[in-house]
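Residue-level structural notes
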Amino acid sequence: MVRILREYERGVIFRLGKLLGIKGPGVIFLIPIVDRMVKMDLRVVTIDVPRQEVMTRDNVPMTVDAVVYFRVVDPAAAVVVQVEQYLKATWLISQTTLRSVLGQAELDELLSQRDKINLRLQEIIDRQTEPWGIKVTAVEVRDVVLPDSMKRAMAGQAESERERRSKIINAEGEFQAAEKLVQAASMIAAQPIALATPVLTDYEGNFQRT
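Thresholds, definitions, all that
Residues numbered from 1 in each chain as written. Predicted model: local features only at pLDDT ≥ 70, side-chain atom pairs only at ≥ 80, totals over all residues. Heavy atoms only, no water. Core = buried A, V, L, I, M, F, W, Y, C linked by side-chain atoms within 4.5 Å. Buried < 20%, exposed > 50% of the residue type's maximum accessible area, 1.4 Å probe, protein only. Helix = DSSP H or I, 4+ residues; strand = E, 2+ residues; numbered from the N terminus. Pairing = 2+ DSSP bridges. Axes fitted to C-alpha atoms, helices over the stretch in contact; angles between N-to-C directions. Contact = heavy atoms within 4.5 Å. Phe/Tyr/Trp six-rings, centres within 6.5 Å; stacked < 30°, edge-to-face > 60°. Lys NZ or Arg CZ within 6 Å of the ring centre and 35° of its normal.

**Digging into the nonpolar core**
Membership of the largest hydrophobic core comes to 35 residues, with the highest contact counts inside it found for Met40, Met62, Val68, Tyr86 and Leu98. The element contributing the most residues to this core is strand 7 (residues 61-72), with six residues. By size, the runner-up hydrophobic cluster in this structure holds five residues, among which are Leu5, Ile28, Leu30 and Met37.

Here it is, written out as structure tokens:
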């Protein structure tokens, strides 16, 4: 029996039920009936984590989904030696980890520090799947869906914040104008000559003071 494996493929060889080793890429020779080969793909695999109902640490309900990127780095461990159906196992671990990590985060952290959340998810999932010969390269939280009532509350909070900043800016402007007036009054009081009297002329050209 002859098998040909591509550059990104490896063959896990079992001889009479025992693990013989990993072969490939290229031409693989097998003994009929005695040998059995399981083909493994070493390219990056993408799995979608379906929408999960999550309650954040500050008791805000939301719905989130994510995508996980991983690849097989140890074909022998990923086949059947360490785990059965490594793809399904990684998918389930990703679901439970997503709910667990987001349940420990607050809403503001989830919305403003998405990169930090993604890195934490990657580290946890990678640590759990490492014994299976899996390397998690990235995890991305794709969509965060908030209830309509929470969206309205956040919009009202943002509007109030804008009004507060506008009032503060106006108050700072008035304060600065008052400071300038005080400085001008101090200068006039210290040097009365600075207050110049305007001079006008009558119709005959004679100077008159107002």
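**Concerning the sheet that holds strand 6 (residues 45-55)**
Strand order in the open sheet formed by three strands is 6-7-8, and the pairing between neighbours is antiparallel. With partners counted over all chains shown, the strands left at the sheet margins are strand 6 and strand 8 (134-145), one partner each. When the angles between neighbouring strand axes are averaged without regard to direction, this sheet yields 20°. When strand 7 meets strand 8, the two strands line up antiparallel, connected through 10 bridges. In the strand pairing of strand 8, Asp65 is matched with Asp143. Together, strand 6, strand 7 and strand 8 form the strand contacts of helix 2 (residues 86-103), whose direction differs from that of strand 6 by roughly 35°.

**Looking at the side chain of Ser94**
Its place among the elements puts Ser94 in helix 2. When near neighbours in sequence (up to four residues on either side) are disregarded, Ser94 contacts Ile47, Val49, Val68 and Ile125.

**A few points about the packing of aromatic side chains**
Using the criterion set out here, one finds zero aromatic pairs in the structure. Above the ring of Tyr8, the side-chain terminus of Arg43 is found at 3.9 Å from the ring centroid.

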